[in-house]
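Observations on chain architecture
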Amino acid sequence: MGVTASVLAIDAGNSKTDVALVGADGSVLASARGQGFQPPKVGIGAALDALAATVGEVLAAGAGGAPAGPVDHVSACLANADLPVEERELTDALHARGWGGTTEVRNDTFAILRAGVDEPRGVAVVCGAGINCVGMLPDGRTARFPAIGKISGDWGGGGGLAEEALWYAARAEDGRGEPTALATTLPAHFGLGSMYALIEALHLGHIAYVRKHELTPVLFATGAEGDPVARSLVHRLAEEVVAMSTVALARLDLLDEEAPVLLGGSVLAARHPQLDEHIGLLLAAKAPKAVVDWVTAPPVLGAALLGLDHTGAPPEAHARLRAHYGRD
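Residues numbered from 1 in each chain as written. Predicted model: local features only at pLDDT ≥ 70, side-chain atom pairs only at ≥ 80, totals over all residues. Heavy atoms only, no water.

**What to know about the overall build of the protein**
When its secondary structure is counted, the protein shows 13 helices and ten strands. A compact globule built from 328 residues would reach a C-alpha radius of gyration of about 20 Å, and the protein, at 21 Å, matches this within 12%. Of all 328 residues assigned to the protein, the portion counted as buried reaches 50%. A fraction of 66% describes how many contacts in the protein between residues 6 or more apart in sequence connect residues 24 or more apart. In the form shown here, the protein has an accessible surface area of approximately 14600 Å², with 53% of it arising from carbon and sulfur atoms. (Helix = DSSP H or I, 4+ residues; strand = E, 2+ residues; numbered from the N terminus. Rg over C-alpha atoms; globule rule 2.2 N^0.38 Å. Buried < 20%, exposed > 50% of the residue type's maximum accessible area, 1.4 Å probe, protein only. Contact = heavy atoms within 4.5 Å. Areas by Shrake-Rupley, 256 points an atom, 1.4 Å probe, with all protein chains shown as cover.)

**Points about the environment of Thr 142**
Looking at where Thr 142 falls in the secondary structure, it is placed in strand β8 (residues 142-144). Aside from chain neighbours lying at most four places away, what touches Thr 142 is Arg 106, Phe 110, Gly 135, Met 136 and Leu 252.

**Side note on the nonpolar core**
The tendency in soluble globular proteins is for nonpolar side chains to be buried as a group. Grouped together as the largest cluster of nonpolar side chains are 53 residues, with contacts concentrated most on Leu 186, Leu 237 and Ile 279. At eleven residues, helix α9 (residues 228-251) tops the list of elements feeding residues into this core. The contacts of Ile 279, once residues within four sequence positions are left out, are Ala 238, Val 241, Val 242, Leu 263 and Leu 268. One finds Val 117, Val 295, Ala 297 and Leu 301 within the second-largest nonpolar core, a separate group that totals 30 residues. (Core = buried A, V, L, I, M, F, W, Y, C linked by side-chain atoms within 4.5 Å.)

**Topic: the sheet that holds strand β2 (residues 16-23)**
The mixed open sheet is built from five strands, whose spatial order is β3-β2-β1-β4-β5. Among the strands making up the open sheet, the edge pair consists of β3 (28-35) and β5 (100-107). Between one strand axis and the next, the sheet turns by 15° as a mean value, whatever way the strands run. Two strands pair when backbone bridges link them, and β2 and β3 are joined in this way by seven bridges, in the antiparallel orientation. Its bridge partner being in β3, Leu 21 is matched across the sheet by Ala 30. In the packing of helix α2 (residues 44-62) onto the sheet, contacts are made with β1 (5-12), β2, β3 and β4 (71-78), and the angle to β3 comes to roughly 160°. (Pairing = 2+ DSSP bridges. Axes fitted to C-alpha atoms, helices over the stretch in contact; angles between N-to-C directions.)

**Side note on the side chain of Asp 227**
Topologically, Asp 227 is positioned in the loop between α8 (215-224) and α9. Of note is the side chain of Asp 227, whose polar atom sits 3.3 Å from the backbone nitrogen of Val 229. With residues up to four places along the chain from it excluded, the contact list for Asp 227 reads Thr 180, Ala 181, Leu 182 and Thr 222. (Polar contact = N/O pair within 3.5 Å; in protein donor to acceptor, adjacent residues only side chain to side chain.)

**A look at the layout of surface pockets**
By volume, the largest pocket is sized at about 1600 Å³. Every residue lining the largest pocket is counted, 49 residues in all, and those nearest its centre are Asn 14, Gly 128, Ala 129, Gly 130 and Ile 131. Secondary structure elements with two or more residues in the lining of the largest pocket: α4 (109-115), β7 (131-136), α5 (157-174), α8 and α10 (266-269). For the lining of the largest pocket, the class distribution of residues is 18 nonpolar, 21 polar and ten charged. Taken as a whole, the second largest pocket holds about 170 Å³ of empty space. In this structure, the second largest pocket is lined by Glu 163, Leu 166, Trp 167, Ala 170, Ile 199, Leu 202 and Tyr 209. Secondary structure elements with two or more residues in the lining of the second largest pocket: α5 and α7 (195-204). Of all the elements, α5 adds the most residues to the lining of the second largest pocket, at four residues. Taken together, the residues of the lining of the second largest pocket sort by class into six nonpolar, no polar and one charged. (1 Å grid on protein atoms, 1.4 Å probe; cavity = no way out; pocket = protein on both sides within 12 Å on 5 of 7 lines; lining within 4 Å. Points joined across faces, edges and corners; volume = space filled by probe spheres on them. Nonpolar A, V, L, I, M, F, W, Y, C, P; charged D, E, K, R; others polar.)

**Some words on α9**
Here α9 contains 24 residues, and its C-alpha end-to-end distance of 34 Å stays within 8% of the 34 Å for a straight helix at 1.5 Å per residue. The first or second residue beyond α9 is Asp 253, which carries a positive phi of 60°. (Expected span 1.5 Å × (residues − 1).)

**Observations concerning the packing of aromatic side chains**
In the structure shown here, the tally under the stated rule is one aromatic pair. Considering the side-chain rings of Trp 167 and Tyr 168, the 4.9 Å spacing of their centres and the 85° angle between planes classify their relative orientation as edge-to-face. By relative accessible area, which is 45% here, Trp 167 ends up partly exposed. Judged by relative accessible area, Tyr 168 falls into the partly exposed class, the value being 25%. Above the face of the Phe 110 ring, Arg 106 is positioned so that its terminal group lies 5.3 Å from the ring centre. (Phe/Tyr/Trp six-rings, centres within 6.5 Å; stacked < 30°, edge-to-face > 60°. Lys NZ or Arg CZ within 6 Å of the ring centre and 35° of its normal.)

**Focus on α7**
In an α-helix, one turn spans 3.6 residues, which is why side chains three or four residues apart end up on the same side. Within the sequence span of α7, burial applies to Met 195, Leu 198, Ala 201 and Leu 202. All buried residues of α7 fall inside an arc of 125° around its axis, so they share one side. Turned more than 90 degrees off the buried face of α7, the exposed positions are Tyr 196, His 203 and Leu 204. Its buried side turned inward, α7 meets α5 and α6 (182-189). Gly 205 lies just past α7 and shows a positive phi near 85°. (Arc of directions from axis to C-beta.)

**Details of the sheet that holds β8**
In space, the five strands of this open sheet follow the order β8-β7-β6-β9-β10, with mixed pairing throughout. The strands lining the two open edges of the sheet, one partner per strand, are β8 and β10 (290-294). If you compare each strand with its neighbour and ignore which way they point, the axes differ by 15° on average. One ladder, built from six bridges, connects strand β6 (residues 122-127) with β7; its direction is antiparallel. When the sheet's bridge partners are listed, Val 123 is paired in β7 with Gly 135.

Everything listed here is a matter of coordinates, which is why it stays silent on function.
So, in structure tokens, the structure goes:
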């Protein structure tokens, strides 16, 4: 007799979606990867239709060709579920699809946090295209930020860093700002000889504006070579990471006790020495008992662990699931 499917785990980011069907014993019965999840661009209905294709593939594989019935619980960690009201709206929309007996939607940052801790306790800061921070406790309490850009007080993320670097470089070249090597290194990345040429190329679409994200590693490399302006931007990012994490720790009454602070996302996972060092120094001063670590496990593991938490699965099920993803 086969293992009974228990949890449908979904980690849906802007660029890709991972879905896993998990048994009551923590075994992974089926998994698949699909396209990104972007309700703000295409609408909730269209975004869920695209997600449904990947979910259908996983449910069918898990059923071994038999008709796929609903699982016990759907644990979905979704990009663009930034506010509790959005989580509730998406929970209702997913539950209406009939994939599980119960459904819970969380922001995708919670998946990264849960993937990196042995119990749902701690804080995670994620810096990829944008920046976000969440915290959780075993009793269900959470800490979070809206994380929807400048209107919610955010600074940083790969996109934000690239735009800051462009701003300083443009002003350095035309004389409005202080000198910085960024005025040379940023256009050189695209084979151009000046910031004016780069500005023109971005404005006219000769270089797709989305490619500005490529400039974030250039910023870090320029800072590593000693450029004061680039270094100041790296330091400011460290300050933002520490500000978010210490506020979240304080909200959960974890500031004065040993607690994990996990760092994830493409910018933080790149392990830039200057950034890592400054984060460490600032956290040591503001949250000396915080234990810093970097999350490398796939976020779908976190979504699945949250699902097993919800169903009350035993510790050995959690261990088996972690072992599947190489996190035992």
